[in-house]
Amino acid sequence: MQTALILAAEETHNPLIPEIYDIVWSAVAFVIIFLVMWRVVTPRITKMLDERTEAIEGGIKKAEAAQQQAAAALDEYNKQLADARAEASRIREQARADATAIGNEVREQAAADAARITANAQAQIEAERQSALQSLRTEVGTLALDLASGVIGESLQDDAKATAVVDRFLADLESSKGAQTAAGTEH
């Protein structure tokens, strides 16, 4: 019985170990699939991966070139900005200088206008003073002639004689006025 059990145990099939024909057919299918993969699929995958690598590297190179262009553009922008700032500063300084020059010119013009107006006013005052003196001299002369005629008792109608009397009277009047002014300043 023991031998029968051993024989029966040998005849029962172990489910974990496949049959030989399954192993052979599986090996053949594996070899065929392996060869197809190795000859057909692997080159296509390799080619696709190489293309993908080249595209990525090309993108990286393009990105680096774009980054260099951006850096160059930034440098150019900074240079233009510095130039613009320098130009603005130069324009400001020029505007200040122009404003100062215009201000000086306006002041000089105003001073010249003021001097001209003052000179005109002084000339007008002097002309009016001379006119007033002349008018005063005429009136004083007429009054002096009338007074002298009354004092002397004779008529002073002769122009030359009347003019001489008036001039002498005014000269005496001015000299006495000058003497009073000099005496007033001494005290």
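Being a predicted model, the structure only gives us computed values, none of them experimental.

K.L.:
I'd like a description of the overall build of the protein, backed by residues and values.
P.N.:
In terms of helices and strands, the protein carries three helices and zero strands. Sequence-ordered secondary structure for the protein, helices as α and strands as β, is α-α-α. Counting the 187 residues in the protein, one finds 5% classified as buried.

K.L.:
I'd like to hear about the packing of aromatic side chains, residue by residue, with values.
P.N.:
Applying the stated criterion across every chain yields a total of one aromatic pair. Aromatic pair Phe30 and Phe34: ring centres 6.3 Å apart, planes at 20 degrees, arrangement stacked. Note that Phe30 and Phe34 are positioned in helix 2 (residues 20-152) at a spacing of four residues, about one turn of the helix. Owing to a relative accessible area of 58%, Phe30 belongs among the exposed residues under this scheme. A cation sits over an aromatic face here: Arg39 above Trp38, 5.5 Å from the ring centre.

K.L.:
Could you give me a rundown of the pattern of salt bridges, with the residues and numbers involved?
P.N.:
Per the counting criterion, the structure on display carries four salt bridges. Note that Asp113 is salt-bridged to Arg116, the shortest N-O span being 3.5 Å. One end of the pair is Asp113 and the other is Arg116, both in helix 2 and three residues apart, which spans about a single turn.

K.L.:
Could you give an account of the environment of Gly141, with specific residues and numbers?
P.N.:
Examined against the element boundaries, Gly141 turns out to sit in helix 2. When its relative accessible area of 5% is taken as the criterion, Gly141 is described as buried.

K.L.:
Which residues make up a nonpolar patch on the surface, and what values do they have?
P.N.:
There is a patch of nonpolar side chains on the surface, built from Ile20, Tyr21, Ile23, Val24, Trp25, Val28, Ile32, Val36 and Val40 and spanning about 900 Å² of accessible area. Mapping Ile23 onto the fold places it in helix 2.

K.L.:
I'd like to hear about a negative patch on the surface, residue by residue, with values.
P.N.:
On the surface, Asp50, Glu51, Glu54 and Glu57 cluster together into a negatively charged patch. Assignment of secondary structure puts Glu54 in helix 2. Classification of Glu54 as exposed rests on a relative accessible area of 57%.

About the cut-offs
- Residues numbered from 1 in each chain as written.
- Predicted model: local features only at pLDDT ≥ 70, side-chain atom pairs only at ≥ 80, totals over all residues.
- Heavy atoms only, no water.
- Helix = DSSP H or I, 4+ residues; strand = E, 2+ residues; numbered from the N terminus.
- Buried < 20%, exposed > 50% of the residue type's maximum accessible area, 1.4 Å probe, protein only.
- Phe/Tyr/Trp six-rings, centres within 6.5 Å; stacked < 30°, edge-to-face > 60°.
- Lys NZ or Arg CZ within 6 Å of the ring centre and 35° of its normal.
- Salt bridge = Lys/Arg side-chain N within 4 Å of Asp/Glu carboxyl O.
- Patch = residues over 30% accessible without salt bridge, like charges linked within 9 Å, V, L, I, M, F, W, Y side chains within 5 Å.
- Areas by Shrake-Rupley, 256 points an atom, 1.4 Å probe, with all protein chains shown as cover.
- Lys, Arg positive; Asp, Glu negative; His and termini not counted.
- Charge placed at Lys NZ, Arg CZ, Asp CG, Glu CD.

Just distances and angles here, no functional claims.
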